[in-house]
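# Architecture at a glance
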Amino acid sequence: MMLQNLKQLFEDNEGKRAIGAFNVHCLEMLPAMLEGAKDLEAPIILQTSLGTAEYIGFDLLVSSIETLVERLDVDVCLHMDHCKDIEALKKAIDSGYTSVMYDGSSLPLDENIKNTKFVVEYAHANDASVEGEVGTIGGAEEGVVVSEEDAIYTDPADAYKFVRETGVDAIAVAIGTTHGQYKSKAKINFELLEKLSSNLKGVGLVLHGGTGVSDEDMRRCVANGMKKVNVGTELNKSYIEEVNKTFSTATPLTSLRKLLLPANNRIKDIVMEKTELFQLK
Ligand code: 13P
């Protein structure tokens, strides 16, 4: 079993679901994520920040995922989340990532297009897919806060030009969700989503900031054409909640394994709940 790219997963799941893209925060949670997908016989996108990839090590991360894919027989894409460093994206692809996101959203559109196109050429020559971004999704990325006021909705004309000129496989759009929103729910601009999905056929729309979206809005996003949904903070937050409970009562002789197991189980539950939520009825 090989890892797949986004294009392959989008084609195989057309009309069935949006594919859950879950941020891997540490190696410990990896088996639980894949077991969740396996139990539902659903595909999964595992994504990392560059920071996490460097923390775990590209080689260890890729070989662990390949081993688990072999063991569990699940459709998996390994994707690099938001990255502005083109050399790092090339390294990811060379190491076995099957998909990358080049985030040039803070650049002028023409520069974003030029850089994204370069990444697309490199990725496609290596059978990997590319996600780009137009507009600015607010919230915290890797601890760096982009305030909600600084979020800029994706302009449909810019997005159309971007997709046509870069040849990306997927595009992250800003429609009102923010990264790291776990205390309140996002207000989504569904009118904009409808416009984007009718203008951008043949490219996968990506919803970032999946944590702060109500179930009802999430179903509507998927029904309106979202193909990939990112969930990060909910996993991080829940892992911390569980280990806070177990570590607070641990002694030096308590096995670490027992302290981490409840957190890993919670990750599996979240992956399953979200994967079911992203299914088209
Ligand atoms: P959340 O952390 O808000 O779920 O967003 C994840 C994300 O969009 C990663 O790019």
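Everything numeric in this text was worked out from a predicted model, so none of it was measured.

Further remarks concern the overall build of the chain. Within the chain, the secondary structure is distributed over 11 helices and 11 strands. Its C-alpha atoms give the chain a radius of gyration of 18 Å, near enough to 19 Å, the size a compact globule of 281 residues would have. Dimensions of the chain, computed from the C-alpha atoms along their principal axes, are close to 60 × 40 × 35 Å. Looking at the chain as a whole, 55% of its 281 residues qualify as buried. Long-range contacts, defined here as pairs at least 24 residues apart, represent 71% of the contacts in the chain between residues at least 6 apart. Of the roughly 12800 Å² of accessible surface on the chain, a fraction of 50% belongs to carbon and sulfur atoms. One way to put it: in the chain the 29 positive side-chain charges average out to a point 4 Å from where the 44 negative ones average out.

What follows deals with the site of the ligand. Contacts to the ligand come from 15 residues, most closely from Asp81, Gly180, Gly209, Thr211 and Thr233. In the environment of the ligand, an oxygen atom lies 3.2 Å from a nitrogen or oxygen atom belonging to the side chain of histidine 179. Note that an oxygen atom of the ligand is positioned 2.8 Å from one of the backbone N or O atoms of glycine 232. Here the ligand has 310 Å² of accessible area as a free molecule, and 95% of this is covered by the chains. A breakdown of the residues in the shell around the ligand according to their chemical character gives 1 nonpolar, 13 polar and 1 charged.

To continue, consider unusual backbone geometry. Of note, the phi angle at aspartate 73 is positive, near 60°, even though the residue is not glycine. With respect to the helices, strands and loops of the structure, aspartate 73 is situated in the loop between helix H4 (58-72) and strand S3 (76-83). Look at aspartate 73 and you get partly exposed, because its relative accessible area is 49%. Despite not being glycine, aspartate 127 shows a phi value in the positive range, around 65°. Inspection of the secondary structure assignment puts aspartate 127 in the loop between helix H6 (109-125) and strand S5 (129-134). Residue aspartate 127 is classed as exposed on the basis of its relative accessible area, which comes to 56%.

For S3, the tally of buried residues reaches 8 of 8 residues, placing the bulk of the element in the interior. In terms of strand pairing, strand S2 (residues 44-48) meets S3 through 5 bridges, oriented parallel. When the bridges of S3 are listed, isoleucine 44 appears paired with valine 76. As paired elements, S3 and strand S4 (residues 99-102) share 3 bridges and run parallel to each other. By the bridge assignment, histidine 79 is partnered in S4 with serine 99. Running through helix H5 (residues 86-95), the crossover from S3 to the neighbouring parallel element S4 is right-handed.

Further remarks concern the sheet that holds S4. In a beta sheet, neighbouring strands are held together by backbone hydrogen bonds and run either parallel or antiparallel to one another. Spatially, S1-S2-S3-S4-S5-S8-S10-S11 is the arrangement adopted by the 8 strands of the closed barrel, whose pairing is parallel. Put simply, the sheet's adjacent strands are angled 25° from each other on average, direction ignored. On top of the sheet, helix H7 (residues 156-166) reaches S5 and strand S8 (170-173); it is set at about 155° to S5, its chief contact.

A few words on H7. All buried positions along H7 are accounted for by Pro156, Ala159, Phe162, Val163 and Thr166. Buried residues of H7, viewed axially, fall in a sector of 125°; they line one side. In H7, the exposed positions angled more than 90 degrees off the buried face are occupied by Ala157 and Arg164. On its buried face, H7 is in contact with H6, S5, S8 and helix H8 (190-199). The distance from a side-chain oxygen at the start of H7 to the backbone nitrogen of alanine 157 is 3.1 Å, and the residue carrying that oxygen is aspartate 155. Downstream of H7 by a residue or two, glycine 167 has a phi angle that is positive, lying close to 75°.

Below, the discussion takes up the nonpolar core. Core analysis: the biggest nonpolar cluster contains 77 residues, and Met33, Leu46, Met80 and Ile171 have the highest contact counts within it. Every residue in contact with leucine 46, bar those within four places of it in the chain, is listed here: Phe22, Val24, Leu30, Met33, Leu34, Ile65, Val76, Cys77, Leu78 and His79. The next biggest cluster of nonpolar side chains, apart from the first, holds 13 residues, and it includes Ile19, Cys77, Met101 and Ala172.

Bringing the pairing of S5 into the picture now. In terms of residue burial, S5 counts as a mostly covered element, since 6 of its 6 residues are buried. Residues Ser129, Glu131 and Glu133 line one face of S5 and the alternating positions Val130, Gly132 and Val134 line the opposite face, and both faces are buried. Of the pairings in the sheet, the one linking S4 to S5 comprises 3 bridges and is parallel in character. For valine 100, the partnering residue across the bridge sits in S5 and is valine 130. At this point the chain moves from S4, through H6, to the parallel S5, and the crossover so formed is right-handed.

Once that is clear, we can look at the packing of aromatic side chains. Enumeration according to the criterion identifies 1 aromatic pair in this entry. Ring centres of phenylalanine 58 and tyrosine 97 lie 5.9 Å apart, and the angle between their planes is 55°; this geometry places the pair in the tilted category. Note that phenylalanine 58 is positioned in helix H4 and tyrosine 97 in the loop between H5 and S4, a separation of 39 residues in sequence. Its relative accessible area of 7% is what places phenylalanine 58 among the buried residues. The buried category is assigned to tyrosine 97, whose relative accessible area is 2%.

Cut-offs used in this document
Residues numbered from 1 in each chain as written. Predicted model: local features only at pLDDT ≥ 70, side-chain atom pairs only at ≥ 80, totals over all residues. Heavy atoms only, no water. Helix = DSSP H or I, 4+ residues; strand = E, 2+ residues; numbered from the N terminus. Rg over C-alpha atoms; globule rule 2.2 N^0.38 Å. Buried < 20%, exposed > 50% of the residue type's maximum accessible area, 1.4 Å probe, protein only. Contact = heavy atoms within 4.5 Å. Areas by Shrake-Rupley, 256 points an atom, 1.4 Å probe, with all protein chains shown as cover. Lys, Arg positive; Asp, Glu negative; His and termini not counted. Charge placed at Lys NZ, Arg CZ, Asp CG, Glu CD. Near = heavy atom within 4 Å. Polar contact = N/O pair within 3.5 Å; in protein donor to acceptor, adjacent residues only side chain to side chain. Nonpolar A, V, L, I, M, F, W, Y, C, P; charged D, E, K, R; others polar. Pairing = 2+ DSSP bridges. Right-handed = clockwise from strand over helix to strand, strands pointing away. Axes fitted to C-alpha atoms, helices over the stretch in contact; angles between N-to-C directions. Arc of directions from axis to C-beta. Core = buried A, V, L, I, M, F, W, Y, C linked by side-chain atoms within 4.5 Å. Phe/Tyr/Trp six-rings, centres within 6.5 Å; stacked < 30°, edge-to-face > 60°.

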